[in-house]
Amino acid sequence: MEKILIIDFGGQYNQLIARRVRECGVYCEVKPYTTPLAQLKAFAPIGMIFTGGPQSVYLEGAPQVDPDIFTWGVPILGICYGCQLMAHLLGGQVTPAQNDSAREYGKTLTHYDTSCKLFQDLPRDGVSWMSHGDYMAQVPQGFSLAARSDACPNVAIADEVRGFYGVQFHPEVNHTEHGRDMIRSFLFAVCRAKGDWTMGNYKDRAITDLRRKIGAGKVLLALSGGVDSSVAAALLAEAVGPQLTCVFVDHGLMRLNEGNEVEEAFSQWNINFVRVDAEARFLLKLAGVDEPERKRKMIGEEFIRVFEEEAKKVGKVDFLAQGTIYPDVIESGAGDAAVIKSHHNVGGLPDHVDFKEIIEPLRMLFKDEVRQLGRELGLPEYLVSRQPFPGPGLAIRIIGDITKDKTDTLRLADFIFRDEMARSGEDKNLNQFFAVLTNTRSVGVMGDGRTYDYTLALRAVTTSDFMTADWARIPYDLLDKVSTRIVNEVRGINRIVYDITSKPPATIEWE
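Residues numbered from 1 in each chain as written. Predicted model: local features only at pLDDT ≥ 70, side-chain atom pairs only at ≥ 80, totals over all residues. Heavy atoms only, no water.

Visitor: Describe the overall build of the protein, and please don't skip the residues or the numbers.
Guide: A tally of helices and strands in the protein yields 14 helices and 20 strands. Relative to a compact globule of 511 residues, whose C-alpha radius of gyration would be 24 Å, the protein shows 25 Å and is just as compact. With the C-alpha coordinates aligned to their principal axes, the bounding extent of the protein is approximately 75 × 65 × 40 Å. Buried positions account for 58% of the 511 residues belonging to the protein. If you take every contact in the protein between residues at least 6 apart in sequence, the share linking residues at least 24 apart comes to 73%. For the protein, the accessible area works out to roughly 21,400 Å², and carbon and sulfur atoms hold 48% of it. In the protein, the 57 positive side-chain charges and the 69 negative ones have mean positions that sit 2 Å from each other. (Helix = DSSP H or I, 4+ residues; strand = E, 2+ residues; numbered from the N terminus. Rg over C-alpha atoms; globule rule 2.2 N^0.38 Å. Buried < 20%, exposed > 50% of the residue type's maximum accessible area, 1.4 Å probe, protein only. Contact = heavy atoms within 4.5 Å. Areas by Shrake-Rupley, 256 points an atom, 1.4 Å probe, with all protein chains shown as cover. Lys, Arg positive; Asp, Glu negative; His and termini not counted. Charge placed at Lys NZ, Arg CZ, Asp CG, Glu CD.)

Right, dumping it as structure tokens:
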């Protein structure tokens, strides 16, 4: 199978590069820059991509690669830091920008040399997404300039004899016009890829790998009823069948009626299904905790402890399976990437886990790929199309400490929001929407009396990858209907606000 190797230097958008490559039907994997060259060669890629990163290549301790990587004979595309690193190691000079105009951030008009393979068949001018404060004062010998902006004469460089290309901007983000086409050109025009990787192929390979790893062992799966864990369950059921036990931990932090819906849906499957009512246990554990990272880690550890207990009831269980996907790993911090938030099934795991190994068959997939894999496995559309719901559940949609009253209040308010979105048909235009119970209380008037109750925030976004997102422009009349219903039907809420922040700078969830 043809493969692209992505060398990770710690930028937050790095996994988007992998997603763009896969969209082109080419398999890829991300490896840290510290991976020895011998291991990289053993991967046998047809091309490599150097990602962006937060550091400066000329500083002591900055991420580097073995310079022999450039004598390997494999095409390379360097993006942002990756471009500057290539220039630095091949004899060019990278320095801090000499003035503010040479630093470029955000959308920038860029002019391309369309005779370069990277930009062939594209318009000569377009907007690119810049994010760099360093400058290539001198490009390496053998490279020509392939793109420029008004502030920077060397936005892109190319050595087409060796197949080396570097761009100062980020073609992987949606803000760069024709960015996907540039990546496609690198894959097909430079690396001569065939584009023969599909979710069907991934399914077959994953099933084979799972059977080989698990053997005759038993597997315990954390089943939440969401897309990720459901697809993981179907994949494992296909691979090992009766060796799989799916445990649904009802931690009391689910949406309204969701626990019963999950049980009803999965009780019909030919799997071992166990539902654990752990609401009181989790609420007791979380009592008085208001810091979001502590919430996530405590919930993650409690999940593990519940699974360990259930495993003892099942008998000897060798493996714990989870529906971890790429965005979970990215935001929990990987390599030199900054930690945005620890996901309960990644950064929230305790140091000691009473299982032989943790299996994460979806760890290398993005959300859209997980949905497609679910379709390949024959899951119903209503299940694979469900909106994401975080493992910690409502605990991270309640700002501040967690109580039974607060979870019940938020459950009902969130249901009303989702109900009105569905009635209007607006839910079909949104990728995720939910309510957040803030820790802010304010004065209100209901009837002839004064109230001092909580503020509820509504959040709705549109996104193609969940790595970036734009706030949704819900019609005012619909927001008014939602607000009126919540204030009238839910005790303890007297004010509704709507979140109009995109990702970045915010995250989709509030905590």
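Anyway, onward from the coordinates.
Visitor: Requested: an account of the pattern of salt bridges, with residues and values cited.
Guide: Applying the stated criterion across every chain yields a total of 35 salt bridges. Between Glu-23 and Arg-20 there is a salt bridge, and its shortest N-O distance comes to 3.2 Å. Here Glu-23 and its partner Arg-20 are both found in helix α1 (residues 14-23), 3 residues apart, which amounts to about one turn of the helix. Looking at Glu-23, the relative accessible area reads 33%, which means it is partly exposed. The partner of Arg-418 in a salt bridge is Asp-414, and the shortest N-O contact between them spans 2.8 Å. Of this pair, Arg-418 and Asp-414 both sit in helix α13 (residues 404-424), 4 residues apart, which is roughly one turn of the helix. Arg-418 sits in the partly exposed class, given a relative accessible area of 23%. By relative accessible area, which is 1% here, Asp-414 ends up buried. Several salt bridges converge on common partners, so that one network encompasses Arg-19, Arg-20, Glu-23, Arg-180 and Asp-368. (Salt bridge = Lys/Arg side-chain N within 4 Å of Asp/Glu carboxyl O.)

Visitor: Kindly report on the sheet that holds strand β15 (residues 319-321), identifying the contributing residues and their values.
Guide: Strand order in the open sheet formed by 5 strands is β14-β13-β12-β15-β16, with parallel pairing between adjacent strands. Two strands in the sheet have a free side with no partner beyond their single neighbour: β14 (272-277) and β16 (357-359). Recorded for the sheet is a direction-independent mean angle of 25 degrees between the axes of neighbouring strands. Summarising the sheet, β15 and β16 pair through 3 bridges and their orientation is parallel. (Pairing = 2+ DSSP bridges. Axes fitted to C-alpha atoms, helices over the stretch in contact; angles between N-to-C directions.)

Visitor: Outline the packing of helix α5 (residues 199-214) against helix α11 (residues 367-376), supporting the account with residue identities and numerical values.
Guide: At a closest axis distance of 9 Å, the pairing of α5 and α11 adopts a crossing angle of 75 degrees. Overall, the two elements α5 and α11 adopt an arrangement that is roughly perpendicular. Between α5 and α11, the contacting residues are Met-199, Gly-200, Tyr-202 and Lys-203 on the first element and Glu-369, Gln-372, Leu-373 and Glu-376 on the second. (Parallel < 35°, antiparallel > 145°, perpendicular 65-115°, else oblique.)

Visitor: If you had to explain the packing of aromatic side chains to someone new, which residues and values would you point to?
Guide: Centre distance and the angle of the planes are the two values used to describe a pair of aromatic rings. In the structure shown here, the tally under the stated rule is 13 aromatic pairs. Considering the side-chain rings of Tyr-27 and Trp-197, the 5.3 Å spacing of their centres and the 55 degrees angle between planes classify their relative orientation as tilted. Placement of the pair is Tyr-27 in strand β2 (residues 27-32) and Trp-197 in the loop between α4 (179-190) and α5, with a sequence separation of 170 residues. Looking at Trp-197, the relative accessible area reads 6%, which means it is buried. Considering the side-chain rings of Tyr-112 and Phe-119, the 4.8 Å spacing of their centres and the 40 degrees angle between planes classify their relative orientation as tilted. Across the pair, Phe-119 and Tyr-112 agree in class, each one buried. Directly above the aromatic system of Phe-43 lies the positively charged group of Lys-3, at a separation of 4.6 Å from the ring centroid. Its guanidinium or amino end placed over the ring of Trp-471, Arg-473 lies 3.7 Å from that ring's centre, counting from NZ or CZ. (Phe/Tyr/Trp six-rings, centres within 6.5 Å; stacked < 30°, edge-to-face > 60°. Lys NZ or Arg CZ within 6 Å of the ring centre and 35° of its normal.)

Visitor: Please give an account of helix α6 (residues 227-240) that cites residues and values.
Guide: In this model α6 runs 20 Å from its N-terminal to its C-terminal C-alpha over 14 residues, within 8% of the 20 Å that 1.5 Å per residue would give. Counting buried positions over the 14 residues of α6 gives 12, a clear majority of the element. Among all positions in α6, only Val-227, Asp-228, Ser-229, Ser-230, Val-231, Ala-232, Ala-233, Ala-234, Leu-235, Leu-236, Ala-239 and Val-240 are buried. (Expected span 1.5 Å × (residues − 1).)

Visitor: I'd like to hear about the nonpolar core, residue by residue, with values.
Guide: Formed by 91 residues in total, the largest nonpolar core has its most connected members in Phe-307, Leu-362, Leu-373, Leu-456, Leu-458, Ile-474 and Ile-486. Sorting elements by how many residues they give to this core places α6 first, with 9 residues. Not counting residues up to four positions away in its chain, the partners in contact with Leu-458 are Phe-417, Phe-434, Ala-435, Leu-479, Val-482, Ile-486, Ile-496, Val-497, Tyr-498 and Asp-499. (Core = buried A, V, L, I, M, F, W, Y, C linked by side-chain atoms within 4.5 Å.)

Visitor: Would you mind going over the environment of Asn-272 in detail, with residue names and values included?
Guide: Position of Asn-272 relative to the elements: it lies in strand β14. Note on Asn-272: relative accessible area 36%, which makes it partly exposed. The spatial distance from the C-alpha of Asn-272 to the C-alpha of Val-314 is 9.8 Å, given a sequence separation of 42 residues. If near-sequence neighbours (up to four positions away) are discounted, Asn-272 is found in contact with Pro-242, Leu-244, Thr-245 and Cys-246. A distance of 3.2 Å separates a polar side-chain atom of Asn-272 from the backbone oxygen of Leu-244. (Polar contact = N/O pair within 3.5 Å; in protein donor to acceptor, adjacent residues only side chain to side chain.)

Visitor: Can you break down the packing of α13 against helix α14 (residues 476-489) residue by residue, with the values?
Guide: Contact pair α13 / α14: the axes reach a minimum separation of 10 Å and the direction vectors enclose 145 degrees. The handedness of the crossing between α13 and α14 is right-handed. Taking contact as the criterion, the partners of Leu-412, Ala-413, Ile-416, Phe-417, Asp-419, Glu-420, Met-421, Arg-423 and Ser-424 in α13 are, on α14, Leu-478, Lys-481, Val-482, Arg-485, Ile-486 and Glu-489. Among the residues making up the contact of α13 with α14, the classes are represented as 8 nonpolar, 1 polar and 6 charged. (Left-handed = near helix turned anticlockwise from the far one by under 90°. Nonpolar A, V, L, I, M, F, W, Y, C, P; charged D, E, K, R; others polar.)

Visitor: Outline helix α8 (residues 279-286), supporting the account with residue identities and numerical values.
Guide: Taken as a whole, α8 has its buried residues at Glu-279, Phe-282, Leu-283 and Leu-286. Down the axis, α8 shows its buried residues gathered within 100 degrees of arc, on one side only. Within α8, the exposed residues directed more than 90 degrees away from the buried face are Ala-280 and Leu-284. Against β13 (244-250), β14, α9 (292-314) and α13 lie the buried residues of α8. Phi turns positive, to about 80 degrees, at Gly-288, one or two residues after α8. (Arc of directions from axis to C-beta.)

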